[in-house]
Amino acid sequence: GTRKPDEAENLKKLENVTVVKAEAGGEGLEALFKGVDSVFIVSPPTGDCGERVEKTVAAAKAAGVNFSLVVSEATVGQQTLFGHQFSDVEERVRKIGAQHCFLRLHAFYENFLLAAMEVKESSCFGKAAEADKQHAMVAVDDVGKVAASILANWNNHVNKTYILSSAKISFAEIAADLSEVLGKPVKYVQKSYDQAREGFLKLGWPEAICEGILQYFKLVNEQHECVTAFDASFMEGITGEKPTTMKEYLTKNVAAFQ
């Protein structure tokens, strides 16, 4: 299900896939879920995320769905925007009493594409994290593989909570990987929190989201366990495949940085 099925041409090409219009917390979900065994709920990046996910899980339960796999976030429980937001998501889902599983995700590799223009123009990029501070990250492809494995064998994952990451890496190490992939030096330059905030605002991001991201970078600089915890064996145990390395991701997407 997607909010914009007309833009999901790649999904429509997949074998045994039916694309339908659906929105988290939207109308008609109970009818749409009839006859469905399990659902994968991608929590929307909205201020009412918790309410939307709650309505979706409740509709699934009412329709007789056996299991809901819900996307959450690794900073649950922290005094941050995203920590509060996804703590609310999880609390609401638990209260419904449906069989579920939370898949807590770290920062996406794909977020790094936001630095592509900087790399193209100046062979450098900057974030508000100290260069050598490692933090866990995850590739969207790995999320899809793990989610598919959980949904296919959902009986083994009822009421479990998992934290998924693909690598633990610093921005200095990402710069080194990118230098090797591009065949030219790429430098990482740490930005101040104010510089980073200004950059996000120029992109047109809401101020609350900007603050949430800065809170995340502060956790990275403090090396808080919620953003550094990494278990390389988890994905392989679930899917039989090793997680994607950052260098593999950059190699696959090198055109974006050239």
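Heads up: the structure comes first, above all this text.
These numbers were taken from a predicted model, which means no experiment stands behind them.

> How would you summarise the overall build of the protein chain if you had to cite specific residues and measurements?
Within the protein chain, the regular secondary structure consists of twelve helices and nine strands. Against the globule reference of 18 Å for 258 residues, the protein chain gives a C-alpha radius of gyration of 19 Å, in line with a compact fold. Along the first, second and third principal axes, the C-alpha atoms of the protein chain reach 55 × 40 × 35 Å. With 258 residues in all, the protein chain has 43% of them scored as buried. Pairs at least 24 apart in sequence give 75% of the contacts found in the protein chain among residues at least 6 apart. Surface summary for the protein chain: the accessible area is close to 13,300 Å², and the carbon and sulfur share equals 50%.

> So, the side chain of Gln-85: which residues are in play, and what are the values?
Here Gln-85 lies in helix H4 (residues 81-96). Those residues within four positions of Gln-85 in sequence are excluded, and the remaining contacts are Thr-46, Gly-47 and Cys-49.

> Can you break down the packing of helix H6 (residues 140-152) against helix H11 (residues 232-239) residue by residue, with the values?
Their axes nearest at 9 Å, the elements H6 and H11 cross at an angle of 45°. In this view, H6 runs oblique relative to H11, as classed from their interaxial angle. As for how H6 packs across H11, the hand of that crossing is left-handed. Where H6 abuts H11, its residues Asp-142, Lys-145, Val-146, Ser-149 and Ile-150 lie against Phe-234, Met-235, Ile-238 and Thr-239. Of the residues in the contact of H6 with H11, the class split is five nonpolar, two polar and two charged.

> Please provide a residue-by-residue account of the pairing of strand E6 (residues 135-138), values included.
Covered by surrounding structure in E6 are His-135 and Met-137 together with Ala-136 and Val-138, the residues of both alternating faces. Two strands pair when backbone bridges link them, and strand E4 (residues 107-108) and E6 are joined in this way by two bridges, in the parallel orientation. Opposite Phe-108, over in E6, you have Val-138 as the bridge partner. Of the pairings in the sheet, the one linking E6 to strand E8 (residues 167-169) comprises three bridges and is antiparallel in character. Across the sheet, residue Met-137 finds its bridge partner in E8, namely Ala-167.

> An account of the environment of Phe-67 is requested, with residue identities and associated values reported.
You can see Phe-67 is positioned in strand E2 (residues 67-73). When its relative accessible area of 1% is taken as the criterion, Phe-67 is described as buried. Along the chain, Phe-67 and Gly-237 lie 170 residues apart, while their C-alpha atoms are 21 Å from each other. If we skip the residues at most four places from it in the chain, Phe-67 touches Asp-37, Ser-38, Val-39, Gln-99, His-100, Cys-101, Ile-150, Leu-151, Trp-154, His-157 and Val-158.

> Talk me through the pairing of E2; I want residue IDs and the actual numbers.
Among the seven residues of E2, seven are classified as buried, and the element is accordingly described as predominantly covered. Burial along E2 is two-sided: the face carrying Phe-67, Leu-69, Val-71 and Glu-73 and the face carrying Ser-68, Val-70 and Ser-72 are both buried. Bridge count for strand E1 (residues 38-41) against E2 is four bridges, and the pairing is parallel. Within E2, the position partnered with Ser-38 by the bridge is Phe-67. For the crossover that starts at E1, traverses helix H3 (residues 49-63) and ends in the parallel E2, the hand is right-handed. Bridge count for E2 against strand E3 (residues 100-105) is six bridges, and the pairing is parallel. Pairing of Ser-68 across the sheet is with His-100, part of E3.

> Before we move on, can you summarise the packing of H3 against H4 with the specific residues and values?
When two helices pack together, their arrangement is given by the angle between the helix axes and the distance between those axes. Where H3 contacts H4, the two axes come as close as 8 Å, and the packing angle between them is 25°. Classified by the angle between their axes, H3 and H4 sit roughly parallel to one another. The way H3 lies across H4 gives a crossing that is right-handed. Here Cys-49, Gly-50, Glu-51, Val-53, Glu-54, Val-57, Ala-58 and Lys-61 of H3 lie close against H4, whose contacting residues are Gln-85, Phe-86, Asp-88, Val-89, Arg-92, Val-93 and Ile-96. Among the residues making up the contact of H3 with H4, the classes are represented as eight nonpolar, two polar and five charged.

> Tell me about the sheet that holds E2, and please be specific about residues and values.
By definition, the strands of a sheet pair up through backbone hydrogen bonds, in either a parallel or an antiparallel sense. The sheet built from four strands is open, its strands ordered E1-E2-E3-E7 with parallel pairing. Two strands bound the open sheet, and with one partner strand each, they are E1 and strand E7 (160-164). Shown here is a sheet whose adjacent strand axes are inclined to one another by a mean of 20°, direction ignored. Pairing analysis gives five bridges linking E3 to E7, with the strands arranged parallel.

Parameters at a glance
Residues numbered from 1 in each chain as written. Predicted model: local features only at pLDDT ≥ 70, side-chain atom pairs only at ≥ 80, totals over all residues. Heavy atoms only, no water. Helix = DSSP H or I, 4+ residues; strand = E, 2+ residues; numbered from the N terminus. Rg over C-alpha atoms; globule rule 2.2 N^0.38 Å. Buried < 20%, exposed > 50% of the residue type's maximum accessible area, 1.4 Å probe, protein only. Contact = heavy atoms within 4.5 Å. Areas by Shrake-Rupley, 256 points an atom, 1.4 Å probe, with all protein chains shown as cover. Axes fitted to C-alpha atoms, helices over the stretch in contact; angles between N-to-C directions. Parallel < 35°, antiparallel > 145°, perpendicular 65-115°, else oblique. Left-handed = near helix turned anticlockwise from the far one by under 90°. Nonpolar A, V, L, I, M, F, W, Y, C, P; charged D, E, K, R; others polar. Pairing = 2+ DSSP bridges. Right-handed = clockwise from strand over helix to strand, strands pointing away.

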